Protein chains: 2
Amino acid sequence: MPHDHTELLKHVKEELPTDEMLQDLGDLFKIFGDTTRIKIMYALYEDEMCVCAIADLLNMTQSAISHQLKTLKDANLVSGRREGKEIYYSLSDDHVKSIINQGFEHIKE
Amino acid sequence: MPHDHTELLKHVKEELPTDEMLQDLGDLFKIFGDTTRIKIMYALYEDEMCVCAIADLLNMTQSAISHQLKTLKDANLVSGRREGKEIYYSLSDDHVKSIINQGFEHIKE
DNA sequence: TGAACATATGAGCAATTGTTCATATGAGAA
DNA sequence: TTCTCATATGAACAATTGCTCATATGTTCA
């Protein structure tokens, strides 16, 4: 017969966050899991920037950047501020920096 | 003519990590960006567990869990320890916990 | 050695995703 | 208004990915 681990499961199940929270957590990290978006966030880490400046920096089309900024904005990771024709984007809060920094700690090994 | 932002770009470019590092960073977060893997890591956050216990906990097949554990192991996020027929997995280091915690801070809003 | 249990793995498929292209919206200048 | 620059967005396509299924490897016990 297969071995038993109901005791362990009982304990772990109690500590595990809800499915919804774990789903949200995964969705958040999914957004960090793309090089383009990481680059955008890292650039905004330094200073607010308009869309075409980011496109220049990453050597990508305006459209591609705009799509990714929408993804980031929908996740409340960046926000935009209009100034004339341009829209300046910046990081929404300091969690973004913290998360990126934690990631860096891990790969520095 | 399009507006100019060479000064800003010059500054940001200096501060930006190398492409390779940003790529690695994205790859790392990509691994966190899946609900199944997040659940596995969260479970191991509590205690080391064998494959079939994780499969039971998440109500998924042994094969699916095994595939994901391989992904996590390849990224040095978990490691396995054989004990008889079973293989007990645990988190490789504390960065995993830190990253998950930082993510949680963000979604708690 | 053979049977049973635990885990790993390769191939295939469906679903997701990032970019491109074309086009739409929005704002300032003439 | 019309032109131009800045940005947003929908559709389509290629590439990636997570799961399933079948099967292989590895360990223990009889």
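Being a predicted model, the structure only gives us computed values, none of them experimental.

Visitor: Give a detailed account of the sheet that holds strand S3 (residues 86–91) of chain A, specifying residues and quantitative values.
Guide: Residues and elements named next belong to chain A. What the three strands build is an open sheet, ordered S1-S3-S2; its pairing is antiparallel. The open sheet has two edge strands with one neighbour each: strand S1 (49–50) and strand S2 (78–83). Of the pairings in the sheet, the one linking S1 to S3 comprises two bridges and is antiparallel in character. Paired with cysteine 50 across the two strands is tyrosine 88, which belongs to S3. Strands in contact with helix H3 (residues 35–46) are S1, S2 and S3; relative to S3, the strand with the most contacts, it is inclined by about 90 degrees.

Visitor: How would you explain the layout of surface pockets if you had to name every residue and give the values?
Guide: The volume enclosed by the largest pocket comes to roughly 210 Å³. If you go around the largest pocket, the residues you meet are His106(A), Ile107(A), Glu109(A), Asp24(B), Asp27(B), Leu28(B), Ile31(B), Asp74(B), Ala75(B), Asn76(B) and Asp93(B). Of all the elements in the fold, those that place two or more residues in the lining of the largest pocket are helix H6 (94–107) of chain A together with helix H2 (19–32) of chain B. Sorting elements by how many residues they give to the lining of the largest pocket places H2(B) first, with four residues. Residue composition of the lining of the largest pocket, by class: four nonpolar, two polar and five charged.

Conventions used here
- Residues numbered from 1 in each chain as written.
- Chains lettered and ligands numbered in written order.
- Predicted model: local features only at pLDDT ≥ 70, side-chain atom pairs only at ≥ 80, totals over all residues.
- Heavy atoms only, no water.
- Pairing = 2+ DSSP bridges.
- Helix = DSSP H or I, 4+ residues; strand = E, 2+ residues; numbered from the N terminus.
- Contact = heavy atoms within 4.5 Å.
- Axes fitted to C-alpha atoms, helices over the stretch in contact; angles between N-to-C directions.
- 1 Å grid on protein atoms, 1.4 Å probe; cavity = no way out; pocket = protein on both sides within 12 Å on 5 of 7 lines; lining within 4 Å.
- Points joined across faces, edges and corners; volume = space filled by probe spheres on them.
- Nonpolar A, V, L, I, M, F, W, Y, C, P; charged D, E, K, R; others polar.

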